[in-house]
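Take a look at the letters that make up each chain.
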Amino acid sequence: MEKERIFELIRKEEVLLFAGAGLSRYAGYPSGKELAERMHAGLTTSEQEEIELTFNLLQVTEDIYNIKNGNKNYLINILKNEFQKEPDSTETHQLLAKIPQIKTIITTNYDDLFERTNKNMEVIRRSSDYSIANTKKQELFKIHGDLTDTKNIILTKSDYNNFFIENKDETIFWTAVKDRLASKHILFIGYALEDQNIRFMFERILRELGEMRKELFFVAPSINQLTKRFLDRNGINYIESTGESLIKEIDEDLKLNYIPGLTKGNGSADTVFNFGLLNQIDFQISKHKDALQIGKFSSLQGLGKSEIKFNLELPDDKKDKILDALNGKNFDDVILDAEIIKDFSYFFNDIRISNRDNIKKLWVKKVPHIHGNFEFVFGDGFELDNYKIEIFIINPEENKSHIKIVFIDFTVIIEIIFDDDNTKYKINILPSKLISSVKSGLNFYNIVSRITNNQTFKLLKENKLLYTYDNRIQFEEDSFDAKTLLDYFQKLKKIEQHFNVKFVNIDLNQINEKIIEKVLAYIENRALKVKFNGLTFVNKNRDEINYLLETCKDKGVFLASENIKSTYSLHGLDFETGYLNQIIVDAFIVNREDLIKNNTIKVELKSRSESMQIQFSDEKDMLLNQHDSEQ
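Residues numbered from 1 in each chain as written. Predicted model: local features only at pLDDT ≥ 70, side-chain atom pairs only at ≥ 80, totals over all residues. Heavy atoms only, no water.

Along its length, the protein carries 21 helices and 29 strands. The C-alpha radius of gyration of the protein comes to 45 Å, more than 25% above the 25 Å expected for a compact globule of 631 residues. Taken along its principal axes, the extent of the C-alpha atoms in the protein is 155 × 65 × 50 Å. Burial statistics for the protein: of 631 residues in total, 45% are counted as buried. The contacts of the protein with a sequence gap of at least 6 include a subset with a gap of at least 24, amounting to 62%. Taking the 86 positively charged and 100 negatively charged side chains of the protein as two groups, their mean positions are separated by 2 Å. (Helix = DSSP H or I, 4+ residues; strand = E, 2+ residues; numbered from the N terminus. Rg over C-alpha atoms; globule rule 2.2 N^0.38 Å. Buried < 20%, exposed > 50% of the residue type's maximum accessible area, 1.4 Å probe, protein only. Contact = heavy atoms within 4.5 Å. Lys, Arg positive; Asp, Glu negative; His and termini not counted. Charge placed at Lys NZ, Arg CZ, Asp CG, Glu CD.)

Next up, the structure:
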């Protein structure tokens, strides 16, 4: 219970670490008791007889200081011998250096393990250090000083009293320490309350903080009943653990729960960013209401490692389909609602980015077996470079394989059935509802039209041969309308180039060959033969009727021009094609006799070939020469 509570408070960045000598023992450095023993052991026999060896380090050093006539050199040399040697290990302190959620550390230790392993730490030994400290870094208050300033190091009880009680110059330092102690929950690691000096320090801290103090936690692998009563009486939570083990557990908890907890309002942006850097992840952070959110993230060292773990409770009506998708028996992505997700974790570089509380839906998206930009080289010399493709492969049954090839705007599904006699192929081409561009259509149908025309090709990626196709499948002529659609996109390209436009979002269900041929006839300045089913019109002008009767005698030529320019719409664009001229080279009048006898003013005009030529011009009254008429 106490562990879970301290983990929660650390995730909220509300904990201060108060570290004693016990946290440095794994590194080969002595505890306070051991240091007192070594200082006592180095004395002469007569000096040892004068000084009582106790667990109280400050008292032992005070006695040695006095017997040495106020000279600290002996004590300093012992400290140098013990704490300036290379540590046996720095593993625990390296883990601590990766926990920016603990923003302040207070220590009575003389060693340099904290600053040795953490380059983002501001060391504060005196008031003068505090005034120039970088507040964006983690703070390390060394309340007993260290060997960088032996003149001001606290070794004896007199030093302690002078520094914390009598030395008014250090009021700023001690006020800052008390402020941190009062504003944070405190985690004590590395202390033995059997040491009377440590007990005195605890009692003083409790007295200074008073009843308004926050929660206190004391870590030790074991304690006696007297110590247990002391902790209970003073409302201090006991955690049965070594400091090294607890630091590991804190690190593991933060990797699991810190980032998912941001949505609950825990954490600060600076800490999240630093936590990411320390774990080789670059986080993009935003704020939504009162909570932080992680946007994009990426590894700072090559490719990142992703891992997803989840448990599902699948509904019976969707179970088979979902399991088939997850087991690679269909191409479907899987979208799971939150109510069927019983447990979920997404890890990136061993950091859990999200858990079940952070998701509304889970989208399991199929990853292609092969993907990238490829080069096609066909036997007829046609080449296509830098063409993006994704290839998915499933095995729905033992003797069946399905291949899905995703191109830009097109998907090809190839079903392969294996049997003893021969291999059967079934191919289906699925264009997107809207083709993004003419280039996209040209690229795809340049490939498909050649394959269906039994052309061999080579597929390369990064100049390496991946696959050679050698007419394994024999296609019928113009399978999948490949040649027809290639021709269509080629025509669209010609229109784009002439009018300096771009077709986008092309709907293949709206193909209009008649319109495209008319626009091309205008571009190429040529006549276009079209079907003519006849024309009936009224004319009251007798001279014009007589002219028509004369013109359309035998194989007459009929000419008509419109007075306004024609405009045609094609895939969302309008094209002005000039004035429309209609030419019937074999015109005849069906009711010729009635018109001659003046029995009607209605003219019924037809073509013997049921066709006519149309031609567009940019000027009215285009004059057709004989060559044009004969086309």
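The interhelical angle for the contact between helix H2 (residues 32-41) and helix H5 (residues 73-83), taken along N-to-C directions, is 125°, at an axis separation of 10 Å. One finds that H2 runs oblique with respect to H5. Pair H2 / H5 crosses with right-handed handedness. Here H2 contributes Leu-35, Arg-38 and Met-39 to the contact with H5, which in turn contributes Tyr-74, Leu-75, Ile-78, Leu-79, Glu-82 and Phe-83. (Axes fitted to C-alpha atoms, helices over the stretch in contact; angles between N-to-C directions. Parallel < 35°, antiparallel > 145°, perpendicular 65-115°, else oblique. Left-handed = near helix turned anticlockwise from the far one by under 90°.)

Another point: the sheet that holds strand E13 (residues 351-355). In space, the three strands of this open sheet follow the order E10-E12-E13, with antiparallel pairing throughout. This sheet does not close on itself; its edge strands, each paired only once, are strand E10 (306-312) and E13. Going across the sheet, the axis of each strand differs from the next one's by a mean of 20°, ignoring polarity. Strand direction decides the pairing type here: strand E12 (residues 341-348) and E13, joined by four bridges, are antiparallel. Residue pairing for E13: Tyr-346 is matched across the bridge by Ser-354. (Pairing = 2+ DSSP bridges.)

Strand order in the open sheet formed by seven strands is E19-E18-E17-E16-E15-E21-E22, and the pairing between neighbours is antiparallel. The sheet terminates laterally at strand E19 (423-431) and strand E22 (464-469), the two strands that pair on one side only. Each adjacent strand pair in this sheet contributes to an overall mean axis angle of 30°, direction not counted. In this sheet, E22 lies alongside strand E21 (residues 457-461) in antiparallel orientation, the contact comprising five bridges. Looking at the pairing, Lys-461 lines up with Lys-464 of E22.

Structurally, Ser-449 can be placed in helix H16 (residues 438-452). For Ser-449, a relative accessible area of 11% corresponds to the buried category. Not counting residues within four places of it along the chain, the set of residues in contact with Ser-449 comprises Ala-482, Lys-483 and Leu-486.

What follows is about the layout of surface pockets. The volume enclosed by the largest pocket comes to roughly 920 Å³. Gly-22, Ser-31, Gly-190, Tyr-191 and Ala-192 are the residues nearest the centre of the largest pocket, which is lined by 43 residues in total. Going through the elements one at a time, H2, helix H4 (57-67), helix H11 (196-209), strand E6 (216-220) and helix H13 (243-257) are the ones with two or more residues in the lining of the largest pocket. Counting residues per element, the lining of the largest pocket draws most heavily on H2, at four residues. Of the residues contributing to the lining of the largest pocket, the split by class is 21 nonpolar, 15 polar and seven charged. Taken as a whole, the second largest pocket holds about 750 Å³ of empty space. If you trace the second largest pocket, you find 27 residues lining it, with Ile-405, Ile-414, Phe-457, Tyr-467 and Tyr-469 closest to the centre. (1 Å grid on protein atoms, 1.4 Å probe; cavity = no way out; pocket = protein on both sides within 12 Å on 5 of 7 lines; lining within 4 Å. Points joined across faces, edges and corners; volume = space filled by probe spheres on them. Nonpolar A, V, L, I, M, F, W, Y, C, P; charged D, E, K, R; others polar.)

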